[in-house]
Every structure is written in C-alpha cells, then in structure tokens.
Amino acid sequence: MTNSPAAKKVSLIVYFIGFTAALAGLLFGLDVGVISGAQHFIEKEFKIGDQQIEIIVSALLWGAVFGTLISGVISSHFGRRRTILVSAVIFILGSLACAMAPNEHALIVSRFFLGIAVGVASFTAPLYLSEIAPRTVRGSMISMYQLMITIGIVLAFLSDTWLASYATFGGITGGHWRIMLGIIALPAAVMFVGVLFLPESPRWLFLKGLKERAVNVFRRMHLDDAEIAAEVQEIEDSMKVRQNGFQMFLQNSNFRRAIGLGIGLQIIQQLTGINVVMYYAPKIFALAGFEDVNEQMWGTVIVGVTNVLATFIAIAFVDKLGRKPIMYAGFVVMGLALLTVGSLFNADIEKNPSLGYPAIGALLVFIIGFAMSAGPIIWVICSEIYPLAGRDLGVTCSTATNWISNAIVGQTFLTMLSTLGGGNTFLLYGGLNVLFILFFLVLVPETKGISLEQIERNLMSGLKLRKIGK
Ligand code: BGC
C-alpha cells in the first residue's frame, strides 16, 4: 500500500467499518464472559441450585443456536447492515431485560432472547466483514473480529470483578449482578449508532441488483477506478455460482463430507472444555482451594488476559507455520494441561492446599493451548473447506454446531462436577483433547497458502479430506 493521502483515507474509513462491525465480536465476548462473575450473586438472590444455574448459563447459547439458524434468511432478505442493526437492538433490550429479571425464569427467557442477538451477530458480522473488506486487508479484519471476542470476554471479567467487590451503589458495596448484565446495553448502543453510519455490503447490493449503490459504497471507501473494477469483477464472478447448498447436500457426497468435517471440527472445539473455564472459572478457582470470591474474580481476569494474549500467537503463525502444526501443538498442550489439572484435583487439594497453585498454572497453560490453536483456527478452517455454492449452508451448519455443543458443555459441567468429581471431570476433558489429535491426523487438511478454488476442486474430485489442501 502506498502512503498517498488517498491510500491513508482508504485505511481510515475501512478500519472504521472493520472496527464497528467487530464491535459485534466484542458484544459476543461480553455476553459469553459476563455470566461467570454474576453466577454467585444470582444463586444467592434467587436461592437456586446448580441445575438452574446451568440452565441460566446455557439459555443464551440455545438462543444463539436459534439466532444462527435464522440469520441466513434474515441477512439475505433485509441486508447485512440492517440485520446487524436489529441484533444491536436485541442486545440492548436483552441486556436490560436480564438486569431487571424478577426471578430465575424471567432471567432464563431474557438470556435466550439475548442469545438470539449473539447468534445473529456471530453469523452476520464476519460475513459482512468478509464481503466489504478490500482483499488486501480481509485477513486482518477477520482476525480482528476473533480478537474482539476474547477482548470482550476479558472486559466482562474485569467489569464483573469491579461490580462484585468494589463498586458502591445505593450504599451497598459489591454483588451488583444486575448492573453486570445490564451494563452491556451501553456498548450495544454504541454499536447501534456506529452501524447507522456503515454502508451496506456491496456484495449484497449486487445480489439485489443494486449495482450503482454497490459501486458508490466502494467510492465512499475511496477505492480508485481500477480497484473498483477488480472488486466488481470478483463479485460478478462469484455471482455466477448460485447458492444451492440444500440441493448440493442431497446430491453430492463430497459436499456432505465437507459439512461433516466442519461439524466435527466445531464439536471438537467445544469438547476441548474451553467454555467450562469461560463460564465457570470462579467455581474452578474455588475447587483449587481459593475460597475468597475476590481471589476467584481476579483469577478469572488472569484467565481472560491469557486468552487474549495467546490469540496473538495464532494470528502471527497461522499463515507461516500452517494450521495443522499449530493444532497438534495446541492439542498436546491442552491434553497434558488438563490431565495435570485433573490429577492435582484428585490428589485432594483440601488436605494439600499447596497444590492449588500448580493446578491453576496448568489451567492457564490449557488456555494458552486453546487460544493459540483451536480458538481461532477452527473458525478459519471452517471458512475454507466448503465449495462456494454451498458455503452459506456449510457455515450455518458449522456455526450452529458450535453453539449447540457449547450449550451442552455449559449445561452439563456442574452436574459432572457433582457426579464425577472435579478431578475426573478434568481427566475426561484432558483425555478427549489427546484423542482429538487422531481426528486431525486422519481427517483434517492443511489449508495454508492454497486457494479456495483449489480446495474445492480437490474436494469435489473425491480426494480424501486430509488431502484436499496441500
Ligand atoms: C469459541 C468460543 C469461546 C472463545 C473463547 C471461540 O473461538 O468459539 O466458544 O468462548 O473462543 O475465546
């Protein structure tokens, strides 16, 4: 890129677009992260047990499944921009409804409603970004979206910690779970205002026959005539391929294999156990012998910061080392780390309190293993393996699978703790991580540096899944 004033303008406007749409990632992260710190106080106020807490945690995730499933239709009918605007409104209303919930039932319904926004945003914002970003910055914009999720999680952990222990409202210090949940309406309102200024996706405008408006969007982004012509050419080429995922699914076993791979990858991402930590970190700190709520909250913040920082490892190496070497390293690290956590928990921490620190150390190593590998890279592979004509259906299936398995993990952890015990629960997750290495060995292709068209040709020619990349 040159340093001419025009080039500079391009990046400013394009980055405004990227940042605003990536706010959807931030909200997604805020809503995922906020519940861990709020649980303890919700439990106390509503006098409820583990089972209801599990349902409160996972109601948002079931809402997200529903949101993902309806996103394709809504965003193709009303446009990407308007769909993100609607999700911002649901984010605002849902957060306020959670904050005002008079009882656990109302909270469950409100979390489901809020989850619809999370699902819609998790489908539409990356789609919008990939459609509007000029080729030169497409990769970094999508990585920015992933990073925003982890930043959202850590901001929620920080705000929870402040509201749990330090903030004074109405003469009461700490325990403000309603504010924890309600405050997310503020960034949602910022996103709503920001999105009002965003242009519609030029690809969607083309699809609706509004070519002039699409070209105007590129002009607003200060693309020059040659760049506009190249983008237009690319859109026209891709429009020759009609989305006919359902038909293809029924008729083409190669496409079904790719769908199966995406579904398998997303189940694996969730069965690593990452969200057990994201949703229940304070409880895990309690298991490790940290009984003070304040200590648990700060420990959770450290988990969140580690998650953000280790994501940079993936961003730095994914296009250099390739997807698979990083995945192997990540799964070995995650497997060993969780087996260590499980063994230490089984060694009776109550009698040996000094084991709490190494257990938490191993838990942080697990987070590093996830954030540098499965966290971002499974999303990357899922965006690469589907043939163009079935990409919408493919991404819908894999994203919905992510939320379904996410909900199942969120809904079963406390029950597993009380039936299997903390040690065995983590040994089980650790064992699964080791087992998943086989899945990568046998089924997952290396997709680094190979064009999506080549991957599609390889898949459709019947090559083994492992070979459809390099
Ligand atoms: C996963 C989420 C998880 C997050 C943690 C994402 O890639 O899909 O389920 O909460 O990573 O950073």
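Below or above, wherever it landed, is the structure these notes cover. The residue count restarts for each chain, going from 1 along the sequence in the order it is written. With the structure being a predicted model, the display of local features is reserved for residues of pLDDT at least 70 and the display and counting of side-chain atom pairs for 80 or more, all residues being used for whole-chain, interface and lining totals. Computation of side-chain values: all heavy atoms of the structure, hydrogens and water removed.

### Structural notes on helix α20 (residues 452-460)
Then, in step 1: Throughout, exposure labels follow a simple rule: accessible area from a 1.4 Å probe, protein chains only, divided by the maximum for the residue type, with under 20% read as buried, over 50% as exposed, and the rest as partly exposed. Comment: elements are numbered from the N terminus, with helices defined as DSSP H or I runs of at least four residues and strands as E runs of at least two. Here α20 has its buried residues at I455, N458 and L459. Taken down its axis, α20 places every buried residue within 100 degrees of arc, on the same side. Projecting away from the buried face of α20 at angles above 90 degrees are the exposed residues E453 and R457.
Then, in step 2: Contact definition: two residues touch when any of their heavy atoms are within 4.5 Å. Summarising the contacts, the buried residues of α20 are in contact with α12 (253-271).
Then, in step 3: With its phi angle positive at about 90 degrees, G462 sits one or two positions after the end of α20. Arc definition: it is the arc formed by the directions from the helix axis to the C-beta atoms.

### Observations concerning helix α15 (residues 323-346)
One turn of the α-helix equals 3.6 residues, which is why residues spaced by three or four share an orientation.
Then, in step 1: An expected span of 1.5 Å times one less than the residue number is assigned to each helix. Between the first and last C-alpha of α15 there are 34 Å, a value that for 24 residues agrees with the 34 Å anticipated at 1.5 Å per step.
Then, in step 2: Of the residues one or two after α15, D348 is the one with positive phi, at around 60 degrees.

### Describing the state of the cysteines
Covalent bonding between the sulfur atoms of two cysteines is what defines a disulfide.
Then, in step 1: The criterion for a disulfide is a pair of cysteine sulfur atoms lying within 2.5 Å. Within this structure, the stated rule accounts for zero disulfides.
Then, in step 2: Considering cysteine sulfurs only, C397 is the nearest to C382, which forms no disulfide, with 11 Å between them.

### Examining the site of the ligand
Then, in step 1: Throughout, the term near means that a residue has one or more heavy atoms lying within 4 Å of the molecule or strand in question. The ligand sits among V32, T150, I153, Q269, Q270, N275, N307, F370, G375, W379, N402 and N406.
Then, in step 2: Under this definition, polar contacts are N or O atom pairs within 3.5 Å; protein pairs additionally need one hydrogen-donor-capable and one acceptor-capable atom, and for neighbouring residues in sequence, both atoms have to be side-chain atoms. In the environment of the ligand, an oxygen atom lies 2.9 Å from a nitrogen or oxygen atom belonging to the side chain of N307.
Then, in step 3: Computed on the free molecule, the ligand has an accessible area of 310 Å², of which 96% lies beneath the protein chains in the complex.
Then, in step 4: The site holding the ligand turns out to be the largest cavity.
Then, in step 5: Going through the elements one at a time, α5 (138-165), α12, α17 (374-382) and α18 (391-420) are the ones with two or more residues in the shell around the ligand.
Then, in step 6: When grouped by side-chain class, the residues that make up the shell around the ligand number four nonpolar, eight polar and no charged. Areas reported as accessible are Shrake-Rupley estimates using a 1.4 Å probe. Residue values count occlusion only from the protein chains shown. Using a grid of 1 Å spacing that covers the protein atoms alone, one calls a set of points a cavity when a 1.4 Å probe fits there but cannot get out, and a pocket when the set is open and has protein on both sides within 12 Å along at least five of seven lines; lining residues are those with an atom within 4 Å of a point. If over half the atoms of a molecule are within 2 Å of the grid points of a cavity or pocket, the molecule is regarded as sitting in it. Asp, Glu, Lys and Arg are counted as charged, while Ala, Val, Leu, Ile, Met, Phe, Trp, Tyr, Cys and Pro are counted as nonpolar; the rest, among them Gly, fall into the polar class.

Everything listed is a geometric property; what it means functionally is a separate question.
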